[in-house]
Amino acid sequence: MIKQFNTFDEDYDAIPTSRRTTTATAAAPATAQPEPTSVGADLSFDDPNISEVVKAVDVLPVVKIEKGTVARFALVPGVPLKQAMTHYVQGQGTLICHSTKGRTAACCKNEQPRPRFVALVFRYVNVDPKSGKFPAGVDRPQIEIQAVRLSKTNVRDILDSVDEGGSAYTIDLKMKHDEGRSIGYKFSRIAPKNAWRATPALEAEALAMAEPYKDGVKLATRLGKKLNATELNAALESGSASEETKQSMETMLSAMDDSE
Ligand SMILES: [Zn+2]
């Protein structure tokens, strides 16, 4: 058998070049729907449009990992990072900051907002969860389109993984829990070349899968919850309901640094 990718890293070279057809299921097309409100219109199972409605609320999964495991992925080229200032509120999750230039909103009364970034990625779902490498016998990378949440530190880690003159879009990255802290992740390079570009056919299929997400609309929804002013006040109130909660929140935030 002729190996076509001698320049790949060892774990990639281990993948035989036969049967390069991908069976990865294409993600449901994300049409540029207006942002769903928290309560949608009533729906009947007999409604001929029900499958369209369900498809429209389909969310882009976020890269998540268990402690002790890694995720391997590549940044989708041509899709810019989305960014927003956010607050983390216990029990509420990440909320988009409401302050604007010259106007400080209620969410910023007690704390500074933190920058949060999200990137669209090709996640390789058939890697070994401990090492991030393709196990022996795997004949092609299996890809899912996901969003990865990044702090400033995470973005810097990714930039540091790039060789001089190289690009973050041409390397494969690894995400794991930061062992030095209770919360937060570490990002580093796992391979100098993208596994998804192994063959022209794979590359074309991967890019086609990413196509419905290229406008960044779904990606932006993964930055955090966008609440209206009333919902934000309620969320902040519930977040600081007890001094105990507040204490644990502060501990958590200081532990997180800017990592979440
Ligand atoms: Zn704020």
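Not measured: the values here are computed from a predicted model. (Residues numbered from 1 in each chain as written. Predicted model: local features only at pLDDT ≥ 70, side-chain atom pairs only at ≥ 80, totals over all residues.)

Chemist: Would you mind showing me how to read the overall build of the protein chain here?
Modeler: Regarding its fold elements, the protein chain presents seven helices and seven strands. Counting the 260 residues in the protein chain, one finds 27% classified as buried. Sequence separation of 24 or more characterises 72% of the internal contacts of the protein chain that already satisfy a separation of 6 or more. (Helix = DSSP H or I, 4+ residues; strand = E, 2+ residues; numbered from the N terminus. Buried ≥ 20, exposed ≤ 12 C-beta atoms within 10 Å, placed from the backbone. Contact = placed C-beta atoms within 7 Å.)

Chemist: What should I look at first to understand the nonpolar core in this one?
Modeler: Note that soluble globular proteins tend to have their nonpolar side chains buried in a common cluster. Membership of the largest hydrophobic core comes to 38 residues, with the highest contact counts inside it found for Phe73, Leu120, Val121, Phe122 and Val148. Sorting the residues of this core by element identifies β1 (70-75), β4 (114-124), β5 (143-150), β6 (172-177), β7 (185-191) and α4 (200-210) as the ones contributing at least two each. Each residue touching Val121, except ones within four places of it in the same chain, is listed here: Val63, Phe73, Ala74, Leu75, Val76, Gln146 and Val148. Leu95, Cys97, Ala235 and Leu236 belong to the second-largest nonpolar core, a separate cluster that totals seven residues. (Core = buried A, V, L, I, M, F, W, Y, C linked by C-beta atoms within 7 Å.)

Chemist: Sorry if this is basic, but what is going on with the pairing of strand β2 (residues 82-89) here?
Modeler: Every other side chain in a regular strand lies on the same face of the sheet, so the side chains alternate between the two faces. When β2 meets β4, the two strands line up antiparallel, connected through five bridges. Looking at β4, one finds that Thr86 is bridged to Arg114. Bridge count for β2 against strand β3 (residues 93-96) is four bridges, and the pairing is antiparallel. Across the sheet, Val89 pairs through a bridge with Gly93, a residue of β3. (Pairing = 2+ DSSP bridges.)

Chemist: In this structure, what is going on with the environment of Arg156? I would like to understand it.
Modeler: Tracing the backbone shows Arg156 in helix α3 (residues 152-160). Distance from Arg156 to Phe187, taken between C-alpha atoms, is 9.1 Å for residues 31 residues apart in sequence.

That is the geometry; function is a separate question.
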